[in-house]
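Structural overview
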Amino acid sequence: MHMHPESYIEMVDQDRERAMARRALERAAREGGDQHPGQARGGIVGLAGLVRSLTTAVGHPRSRSASSGSSRALPSGA
């Protein structure tokens, strides 16, 4: 049976997408019980978390009065 080249390419693409989706589901099922809440994550999710934490830190600077300390008066005898 002869198949049109564009139909064949579309069929191959659909098969590849189904296979990728199946592998992603299998990977998620395997890793589902293996979560580590404190562990840093890589990829775009880790980068987004890093950017979010940096923007939060920059958006809410610490008070400078606590770090400057209090000024002490010199003793009158000095």
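Residues numbered from 1 in each chain as written. Predicted model: local features only at pLDDT ≥ 70, side-chain atom pairs only at ≥ 80, totals over all residues. Heavy atoms only, no water.

1. Some points on the overall build of the protein
The criterion, for reference: Helix and strand assignments come from DSSP, with helices taken as H or I runs of at least 4 residues and strands as E runs of at least 2, each series counted from the N terminus. Exposure is judged per residue with a 1.4 Å probe applied to protein chains only, and the accessible area is read against the type maximum: over 50% gives exposed, under 20% gives buried, and values in between give partly exposed. Areas reported as accessible are Shrake-Rupley estimates using a 1.4 Å probe. Residue values count occlusion only from the protein chains shown.
Assigned secondary structure in the protein consists of three helices and zero strands. When the 78 residues of the protein are sorted by exposure, 1% land in the buried category. Looking at the protein as shown, the accessible area adds up to about 7800 Å², and 57% of this sits on carbon and sulfur atoms.

2. Examining the pattern of salt bridges
This is how it is decided: Each reported salt bridge corresponds to a side-chain nitrogen of Lys or Arg within 4 Å of a carboxyl oxygen of Asp or Glu.
What the rule picks out here adds up to three salt bridges. Note that Arg 16 and Asp 13 form a salt bridge whose closest N and O atoms lie 3.3 Å from each other. Residue Arg 16 and its partner Asp 13 are located together in helix 1 (residues 5-31), separated by three residues, close to a single helical turn.

3. Looking at a nonpolar patch on the surface
Inclusion rule: Residues enter patches when their relative accessible area tops 30% and they take part in no salt bridge; the joining distance is 9 Å for like charges and 5 Å for the nonpolar side chains Val, Leu, Ile, Met, Phe, Trp and Tyr.
Taken together, Met 1, Met 3, Tyr 8, Ile 9, Met 11 and Val 12 make up a surface patch of nonpolar side chains, about 650 Å² in accessible area. Residue position: Met 1 is located in the segment before helix 1.

4. A short note on the confidence of the model for the protein
Rule in force here: pLDDT runs from 0 to 100 and stands for how confident the predictor is about each residue.
Counting all residues, the mean pLDDT for the protein is 74, and 58% of those residues have values of 70 or more. When pLDDT is averaged over each element of the protein, helix 1 comes out on top at 92 and helix 3 (residues 64-68) at the bottom at 51.

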